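Given next are the chains, with one letter for each unit.
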Amino acid sequence: LIARRRRTNCYFYPRAWPSLRSVDWWERVVLKEFGPQDWLEKFRMSKETFFFICNQLRPGLAPHSAHFHPTLPLEKRVAVALWHLATNVEYQTLSPLFGVGPSTVQTCVREVSYAIVLLLKPLYLRVPNEKELENMVRIFCTRWGFPHCIGALDSLHIPIHPPLRLSADYCNGQGWHSILTQATVDGLGQFWDVSTAFPGSMENSAVLESSSLWVLAKEGRLCPNPPKHFMGKAQKYVLLGDATYPLQDWILKPYQEDENLTQRQLQFNYRLKRAHSVIENAFLRLKARWQILLKCDDCSLELLPTLILACCILHNVCEAHDNPFNEEWLEGTEPTELPKPYQPAPATMEDGRAEQVRELMCQYFESCGE
C-alpha cells in the first residue's frame, strides 16, 4: 500500500482518461446500433446526410494531418465535432465518450468547422445568381404573400464570455456580452448571406454598412440589370427588415406604429411582419439544432466566427436534405434573462426614394385585398 501510494504521488496526474469500453464505442455502438432517431438526436441529421457531409469534407480532412492521431477516422472526427455543436457539452464530458482526450475534441471541432466553411460554403451559403433570385421572388410571393422580395434580413446576438481587454466592446445594449451576426434568408428559411464577428455593442445599421451585403447592393448585384418591373415601374428586388435597419430602395421596414397610420399602412406592416417571420423562425431552428450557439463557453473568440458560419451551413444542408426537425429542441432556445437589443436605425441613413417603394407595395396589397 505504501509503495502504491508513493507511485501514485509520483506518477499519477488527474486526467479524464477514457474508459476501455469507450475506445471502440463509435465503431461498436454508433455505427452498428444507432437507429434513425439516434442519429437525429445526437448529430441533428440522418445517417445518410452525415456520411454525405463526411465525403464532402474528405479533401480538407486528410488522414495524415499532423493534428490527429493516425488511427482516428475522418468519420469519427466529424462525429465528435457535430456532437459538440449539437449538444454543447463540454470537451471534458465528450472526450471519454469517444475515447479521445479533451484536446483532441477541441481540435476536431476546430478543424471540422474550418473544413465545413472551406468546402461547403461555396455550395450551400453563397450569393444567388439571377435565375436563383427570380426563383426566390416566386417563393416569397407564393409562400409569404410578399412580392418582388428576395429575402428577410435580421441579426442574431450569441452570448459569449467577455474578452478581458474588450469587455465594453462586446457588451450590447441590454447589458450582456455577445457577438453579433447579420443574416439573410430566402423564403424557405435557408441562409444565403451571413456576416459575423461583430462585437455586440454595434448597432444593426452599422453592421449592415460594414457587411458584404451592403457592398453587393451598392454594386447592383442583388437584382437584374436592368431591374424587373413591378406595378408598372422598374424596381430593384427588396429585402425585409425591422426598425433597426434603415429604409432603402432595396430594404423595406414597417411604418412606425402610431395612431395616424392609414389602413393601407397597417396592411403593409402586417404583410411585412408576417413575411419577416421567416428569418425569426430560421434563427430559432438554427439555435435549436446547433445548441452551441446558445452559450459559447468552450469556444475561443477567434474560432467563434468560423463556428457560427459552420452552423449556418449545416442548417442549410439539413434543410436542403429534408432532415426532420424535432420541435422539442426548441425548448430553452430563448432565455428570458437575455433580451434582444433593439436600437432603431438613425434617420441619417434613410433613403428618401425608398418611401416611393413602400407606397408601391401599399398599392399592391390594396389592389389584391386580403
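Starting from 1, residues in each chain are numbered consecutively following that chain's sequence as written. Reporting in this predicted model follows two pLDDT cut-offs: at least 70 for local features of residues, and 80 or more for side-chain atom pairs to be given and counted; totals over whole chains, interfaces and linings ignore these cut-offs and use all residues. Water and hydrogen atoms play no part in the side-chain values, which are based on all heavy atoms of the structure.

Per an unreviewed UniProt entry, the protein chain carries the name Putative nuclease HARBI1 and comes from Cuculus canorus. UniProt positions are given in the numbering used here, feature names are shortened, and annotations may be inferred rather than shown by experiment. Taken from UniProt, the Subcellular location (unreviewed entry) comment for the protein chain reads in full: "Nucleus".

## Concerning the sheet that holds strand β3 (residues 191–199)
In this analysis, strands are considered paired if DSSP registers two or more bridges between them. Where helices and strands are cited, they refer to DSSP runs of H or I of at least four residues and of E of at least two residues respectively, numbered from the N terminus. As summarised here, the arrangement of the 5 strands in space is β3-β2-β1-β6-β7, forming an open sheet in which the pairing is mixed. At either margin of the open sheet sits one strand with a lone partner, and together these are β3 and β7 (251–252). Residue contacts are defined here by distance: any two heavy atoms, one from each residue, within 4.5 Å place the two residues in contact. Comment: axis = line fitted to C-alpha atoms, over the contacting stretch for helices; angle = value between 0 and 180 degrees taken between N-to-C directions. Contacting β1 (149–159), β2 (178–185), β3 and β6 (238–240), helix α8 (residues 130–144) runs over the sheet at an angle of about 85 degrees to β1.

## As for helix α11 (residues 263–289)
To estimate the expected span of a helix, count its residues, drop one, and scale the result by 1.5 Å. A rise of 1.5 Å per residue sets the reference length of α11, with its 27 residues, at 39 Å; its end C-alpha atoms lie 39 Å apart and thus fit the reference within 8%. Here the bend at each residue means the angle between axes fitted to two seven-residue stretches, the one ending at that residue and the one beginning there. In α11, a bend of some 25 degrees at Ser277 exceeds every other bend along the element.

## As for the packing of aromatic side chains
Only centres within 6.5 Å qualify two rings of Phe, Tyr or Trp (six-membered ring in Trp) as a pair; their planes then separate them into stacked at under 30 degrees, edge-to-face at over 60, and tilted for everything else. This model, assessed by the stated rule, comprises 24 aromatic pairs. Ring geometry for Trp26 versus Phe50: centroids 6.0 Å apart, planes at 55 degrees, classification tilted. Here Trp26 is found in helix α2 (residues 25–33), whereas its partner Phe50 is found in helix α4 (residues 47–57), with 24 residues between them in sequence. Any residue under 20% of the maximum accessible area for its type is buried, any over 50% is exposed, and the rest in between are partly exposed; the area is computed with a 1.4 Å probe on protein chains only. Trp26 sits in the buried class, given a relative accessible area of 2%. Here a set of aromatic residues connected by ring pairs shows up, and it is made of Trp25, Trp26, Phe34, Trp39, Phe43, Phe50, Phe51, Trp83 and Phe98. Sitting over a ring, as applied to charges here, requires NZ of Lys or CZ of Arg to be within 6 Å of the ring centre and within 35 degrees of the ring normal. Seen from the ring of Trp329, Arg44 lies directly overhead, with NZ or CZ sitting 4.3 Å from the centre. Just above the ring of Phe325 sits the side chain of Arg285; from NZ or CZ to the centre is 4.3 Å.

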